[in-house]
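Descriptive structure summary
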Amino acid sequence: MSAIVAVRYLLSSGAFAWASERRMPGLHARLGGQVRREIAWSLASAAVYGIPAGIVAWGWRARGWTRLYENVHEWPLWWLPLSFVLCLLLHDTWFYWTHRLLHRPAWFRAAHAVHHASRPPTAWAAMSFHPWEALSGALIIPALTLLLPIHVGVLIALLSVMTVMGVTNHMGWELFPRAFVNGASGRWIITATHHQLHHDKYNCNYGLYFRLWDRMMGTDAGLGKFPEPK
């Protein structure tokens, strides 16, 4: 399972790193050493992520520990989109509050400083975490499979959204159209422009998918700006 997570990371981050160079040549020039560190930390994180994922996968098949299901008619069809949105909201809640905790000085020095050492972050920084931080992120999705009935297709969709947003929010340019980012949808959905400000100011914009918690807790500082290509 750790190998699967590592390959998923290399393919997704590699694809968007290639797209970044094609779209904005020189954006991350002279960051070779940083990129190598990001990849090394990310592969270590993949090993950590794979442990609870592997336990849950084995427990699902061998012991029936989880509430994952494969027959789409086992639960009402309306539960498919509802469970997807609910999982995103719960994951976002977990991420927001653990992320804020990791920004407390002692926690930041012990773990989160690894992620913020990427200045500016690149597409390879999506999983560049200290192992303690990786463990906090590795627990939430397995926990959801124990608590909620989740169709395997919904789980795959959830992991796909998590992967794509984790990579694109760090790649140094905006994937979404300007009308989306500056419009009504962008007021509630996090994009790279929003997350960039977190890496610039540190004490704001803590969310993962939605700006809901940031808005409620007064930590939403709006949209940031990207560094110019070198």
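Residues numbered from 1 in each chain as written. Predicted model: local features only at pLDDT ≥ 70, side-chain atom pairs only at ≥ 80, totals over all residues. Heavy atoms only, no water.

**Some words on the overall build of the chain**
Applicable threshold: To qualify as a helix, a DSSP run of H or I must reach at least 4 residues; to qualify as a strand, a run of E must reach at least 2; elements of each kind are numbered from the N terminus. C-alpha atoms define the radius of gyration, and 2.2 Å times the number of residues to the power 0.38 defines the globule rule. For each residue, the accessible area found with a 1.4 Å probe, counting protein chains only, is set against the maximum for its type, and the residue is called buried under 20%, exposed over 50%, and partly exposed in between. Contacts are assigned to residue pairs that have any heavy atoms within 4.5 Å of one another. Positive charge is attributed to Lys and Arg, negative charge to Asp and Glu, and no charge count is given to His or to the chain ends. Charge positions are represented by NZ for Lys, CZ for Arg, CG for Asp and CD for Glu.
Per the secondary structure count, the chain includes nine helices and two strands. Against the compact-globule benchmark of 17 Å for 230 residues, the chain has a radius of gyration of 18 Å, which places it among compact chains. With respect to the three principal axes, the spread of C-alpha positions in the chain is 55 × 40 × 40 Å. Within the chain, the proportion of its 230 residues that are buried is 48%. Long-range contacts, defined here as pairs at least 24 residues apart, represent 72% of the contacts in the chain between residues at least 6 apart. Distance from the positive charge centre (20 side chains) to the negative charge centre (11 side chains) of the chain: 4 Å.

**Considerations on the layout of surface pockets**
Quick reminder of the rule: Points on a 1 Å grid over protein atoms alone make up a cavity when a 1.4 Å probe fits among them but cannot get out, and a pocket when they form an open set with protein on both sides within 12 Å along at least five of seven lines; lining residues each have an atom within 4 Å of a point. Grid points are joined across faces, edges and corners, and a volume is the space filled by probe spheres set on the points. Side-chain classes follow a simple rule in which Ala, Val, Leu, Ile, Met, Phe, Trp, Tyr, Cys and Pro form the nonpolar group, Asp, Glu, Lys and Arg form the charged group, and the remainder, Gly included, forms the polar group.
Its volume calculated, the largest pocket comes out at about 470 Å³. The wall of the largest pocket is formed by 20 residues, among which Met1, Ala53, Ile141, Leu155 and Leu159 lie closest to the centre. Going through the elements one at a time, helix H1 (2-23), helix H2 (32-63), helix H5 (131-147) and helix H6 (152-168) are the ones with two or more residues in the lining of the largest pocket. Partitioning the lining of the largest pocket into residue classes produces 17 nonpolar, two polar and one charged.

**Some points on empty space enclosed by the protein**
If you walk through the whole model with that rule in mind, you get one cavity of 30 Å³ or more. Of the voids in this model, the largest cavity is the one considered here, and its volume is about 510 Å³. Tyr49, Phe95, Ala126, Phe129 and Leu208 are, among the 31 residues lining the largest cavity, the residues nearest its centre. Within the residue set of the lining of the largest cavity, elements represented by two or more residues are H1, helix H3 (79-102), helix H4 (105-116), H5, H6 and helix H8 (192-201). For the lining of the largest cavity, the element with the highest residue contribution is H3, accounting for six residues. Across the lining of the largest cavity, the residue classes tally to 12 nonpolar, 17 polar and two charged.

**Here's the deal with the packing of H1 against H2**
Under the convention used in this document: Axes here refer to lines fitted to C-alpha atoms; in helices the fit is confined to the stretch in contact. Angles between the N-to-C directions go from 0 to 180 degrees. The crossing is said to be left-handed when, going from far helix to near helix, the turn is anticlockwise and less than a right angle, and right-handed when the turn is clockwise.
Close contact between H1 and H2 brings their axes to 7 Å; oriented N to C, the two are set at 140°. Between H1 and H2 lies a crossing of right-handed hand. For the pair H1 and H2, contact is made by Ser2, Val5, Ala6, Tyr9 and Leu10 and by Glu38, Ile39, Ser42, Leu43, Ala46, Ala47, Tyr49, Gly50 and Ile51, respectively. Partitioning the contact of H1 with H2 into residue classes produces 10 nonpolar, three polar and one charged.

**Here we look at the packing of aromatic side chains**
Worth spelling out the cut-off: Only centres within 6.5 Å qualify two rings of Phe, Tyr or Trp (six-membered ring in Trp) as a pair; their planes then separate them into stacked at under 30 degrees, edge-to-face at over 60, and tilted for everything else. We call a charge positioned over a ring when the NZ of a Lys or the CZ of an Arg lies within 6 Å of the ring centre and within 35 degrees of the ring normal.
With the rule as written, the count across this model stands at 11 aromatic pairs. Taken together, a centroid distance of 5.8 Å and an interplanar angle of 40° make the contact between Phe108 and Tyr202 tilted. With Phe108 in helix H4 and Tyr202 in the loop between H8 and helix H9 (212-217), this residue pair connects regions lying 94 residues apart in the sequence. Here Arg61 stacks its cationic end above the ring of Trp60, 4.0 Å away from the centre of that ring. The lysine or arginine in question, Arg215, covers the ring of Trp188, its NZ or CZ lying 5.0 Å from the ring centre.

**Focus: the pattern of salt bridges**
Put simply, the test is: By definition here, a salt bridge exists when the distance from a side-chain nitrogen of Lys or Arg to a carboxyl oxygen of Asp or Glu is within 4 Å.
Summed over the entire model, instances satisfying the criterion amount to two salt bridges. The partner of Glu70 in a salt bridge is Arg61, with the nearest N and O atoms 3.2 Å apart. With its nearest N and O atoms 2.8 Å apart, the salt bridge here joins Asp220 to Arg211. Judged by its relative accessible area of 6%, Arg211 falls in the buried class.

**Re the packing of H3 against H6**
Quick note on the threshold: Comment on the angle field: the value is read as roughly parallel under 35 degrees, roughly antiparallel over 145, roughly perpendicular from 65 to 115, and oblique elsewhere.
Remark: H3 packs on H6, axes separated minimally by 10 Å, with the N-to-C direction vectors making an angle of 40°. When the axes of H3 and H6 are compared, the pair comes out oblique. The crossing of H3 and H6 is right-handed. Each of Leu80, Ser83, Phe84, Cys87, Leu88 and His91 in H3 lies in contact with H6, whose residues at this interface are Val154, Ala157, Leu158, Val161 and Met162. Its residues placed into classes, the contact of H3 with H6 shows nine nonpolar, two polar and no charged.

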